[in-house]
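# Remarks on the overall topology
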Amino acid sequence: MAAAPLYCVCRQPYDVSRFMIECDICKDWFHGSCVQVEEHQAVDIDVYHCPNCDDVLGPSLMKKRNNWHRHDYTEPNDGTKPVQAGTSVFVKELQNRAFASGEDILLRMRGEQVTQRYLERHGFHYPIAVTEMEGLGLKLPPTTFSVKDVEEYVGGDKVIDVIDVARQADSKMKLSEFIKYYTKPHRPKVLNLISLEFSDTKMSKLVEVPDVAQRMSWVENYWPDDSFFPKPFVQKYCLMGVKDSYTDFHIDFGGTSVWYHVLWGEKIFYLIKPTLDNLALYEAWSSSPNQSEVFFGDKVDKCYKCVVPQGTTLLIPTGWIHAVLTSQDCMAFGGNFLHNLNIGMQLRCYEMERRLKTPDLFKFPYFEAICWYVAKNLLETLKELREDGCPPPNYLVDGVKALIGALKTWLKREPSSEVPDNIRPNHLIKELTKEIPKYDLPICREHPTSPSTEEAIQGMLSMAGLLCSKTENVASSQEPWWPSPSQHLQLEKRDCEQHRLQGNKSLIDSQGNSSSKRPKKGMATAKQRLGKILKLSRQNRVFVQHS
Ligand SMILES: [Zn+2]
Ligand SMILES: [Zn+2]
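Computed from a predicted structure; not experimentally measured.

Judged by nonpolar contacts, the single largest core of 130 residues is most densely connected at Val-150, Phe-178, Met-240, Tyr-246, Phe-249, Met-331 and Phe-333. When we break this core down by domain, the ones giving at least three residues each are domain 2 (102-223 + 234-268 + 304-359) and domain 3 (369-478 + 517-542). When residues no more than four places from it in sequence are discounted, the contact partners of Phe-333 are Leu-140, Pro-141, Phe-198, Met-203, Val-207, Tyr-237, Cys-238, Leu-239, Trp-259, Tyr-260, His-261 and Leu-263. Core analysis: the second largest hydrophobic core is formed by 11 residues, Phe-30, Tyr-48, Cys-50 and Cys-53 among them.

Structure representation (structure tokens):
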């Protein structure tokens, strides 16, 4: 039996999981870690001399830099090639660009206000910024927590994916090597770490995700303990980026919503609404060959710049297209979650990933499997609501409709390998479909035949959901969108003022917002509110059917 060939100074057989480099002189292969060459450094070497050969021939020959604006810095700087995303020229230009203000779209809320109940009532369509995190349920290490502490808790041997920002390329290295790089006074390149998921490490106990993310999460609510598929871990990421790190425009995998908290340093988010127009533009840009040479923010009507300083938590809803600049060395924590509020948009994002042929590594793990689990659970929810005589909220009806459509499509595709064993797909789809039409009575939303006060109030409270559900079905090129957060808040403020006039002070909090306390009685107010909602819906060109 022939022995396996041996390589490197360590004379070991080939191991697919370890990065290797070939000596350009003796043609032997070497483990990067045995000869102190990191994967990201290999691209800078023109002619590699291994430790044996450099005794004779001297050190390796390095590539020569010719430019600061191309992913390949050896390309000639003759003014013929455009600037590419991530390069140092790009980052400088980015900081001088003009953007719409993030304040136009950000909902500024206190931690205690960001509840599942709030989002169910108002929808989760705009990013939320929280500066007073009390009540959010988010637990974090102290602001003195350093990158060395991360190494301590996670273990330096963990292999991580880092992004070489100037090349927008991915490479692997040990966490200990990254920390060494991070803490050196001179950094020869910009490396960014955004994919360190630490749920399965000792660091996990130092971080609790915001209550709202935990409570709404599909994985937390619907992933069965006995699932054949491994449970997706996407809840806890630690992000460590050095100044000038840049992540180009993207949508989070599977259309997940995401929370970020900046523990120290600063990040700048460039945010774009997921309107149908913008999503179509994004898809075209993503599949274009010169993607890195085109700034996507210039392709859309509005791109909002949003500075996220130390101590701020940002929640980004489903589908928002965003780029991120690390404006100062930064440590941030974050996590992704799927939920029931924007099922249609989540599915739309997933289908887009498929069309763009996104590699599995960058997709939500077992997205289709979780959708089957969710379908099974939502069937029970719909049944229970029906038995209790409660109409399901609009977001749920629309979400389940979208889900049924997606499940049917997936079943027709080959192979539909992610249907969990204990689920009878066709039966489930049939049962789910049966639960839907009973509630499909849009007429009632506007003109209840016998409107009880409670119904009227329910109707107006679901405003955001109503607008959302209707707009999602309108596929015109000038599709309307959800009312902006400022309209949203103004509406609430006006309502509060009315109550102030009526002498009901208890409804108004210190900021003049009505927060979670709602009027319980008063048909007049409810009617006025409905009036406003209809006016608002017309402004947004929402078509509400009359009987
Ligand atoms: Zn070796
Ligand atoms: Zn050699």
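Right, let's talk about helix 9 (residues 276-286) for a bit. Asn-278, Leu-279, Tyr-282, Glu-283, Trp-285 and Ser-286 are the residues of helix 9 that are buried. Here the buried residues of helix 9 occupy an arc of 165° about the axis, which is enough to place them on one side.

Here we take up the coordination of the zinc ion (ligand 1). All of the protein donors around the zinc ion (ligand 1) are Cys-8 (SG), Cys-10 (SG), His-31 (ND1) and Cys-34 (SG); their distances to the metal are 2.2 to 2.3 Å. The coordination sphere of the zinc ion (ligand 1) comprises 4 donor atoms, whose angles at the metal cover 96 to 118°; the geometry is tetrahedral. Under the relative-accessibility criterion, Cys-34 is labelled partly exposed at 26%.

A cluster of nonpolar side chains, namely Ile-25, Val-56 and Leu-57, defines an oily patch on the protein surface of about 300 Å² accessible area. When you line up the elements, Val-56 lands in helix 2 (residues 54-57).

According to the stated counting rule, one finds 22 salt bridges in the structure shown. A salt bridge links Asp-298 to Arg-97; the shortest N-O distance between them is 2.9 Å. With Asp-298 in the loop between helix 9 and strand 14 (304-309) and Arg-97 in the loop between helix 3 (88-96) and strand 5 (100-101), the pair connects residues that are 201 residues apart, well separated along the chain. With a closest N to O distance of 2.8 Å, Glu-103 and Arg-108 form a salt bridge. For Glu-103, a relative accessible area of 45% puts it in the partly exposed group.

Calculation rules
Residues numbered from 1 in each chain as written. Chains lettered and ligands numbered in written order. Predicted model: local features only at pLDDT ≥ 70, side-chain atom pairs only at ≥ 80, totals over all residues. Heavy atoms only, no water. Core = buried A, V, L, I, M, F, W, Y, C linked by side-chain atoms within 4.5 Å. Buried < 20%, exposed > 50% of the residue type's maximum accessible area, 1.4 Å probe, protein only. Domains from an automatic or database assignment. Contact = heavy atoms within 4.5 Å. Helix = DSSP H or I, 4+ residues; strand = E, 2+ residues; numbered from the N terminus. Arc of directions from axis to C-beta. Donors = N, O, S within 2.8 Å, 3.2 Å for Na, K, Ca; no water. Tetrahedral: all angles 85-135°; square planar, octahedral: opposite > 155°, others 65-115°. Patch = residues over 30% accessible without salt bridge, like charges linked within 9 Å, V, L, I, M, F, W, Y side chains within 5 Å. Areas by Shrake-Rupley, 256 points an atom, 1.4 Å probe, with all protein chains shown as cover. Salt bridge = Lys/Arg side-chain N within 4 Å of Asp/Glu carboxyl O.

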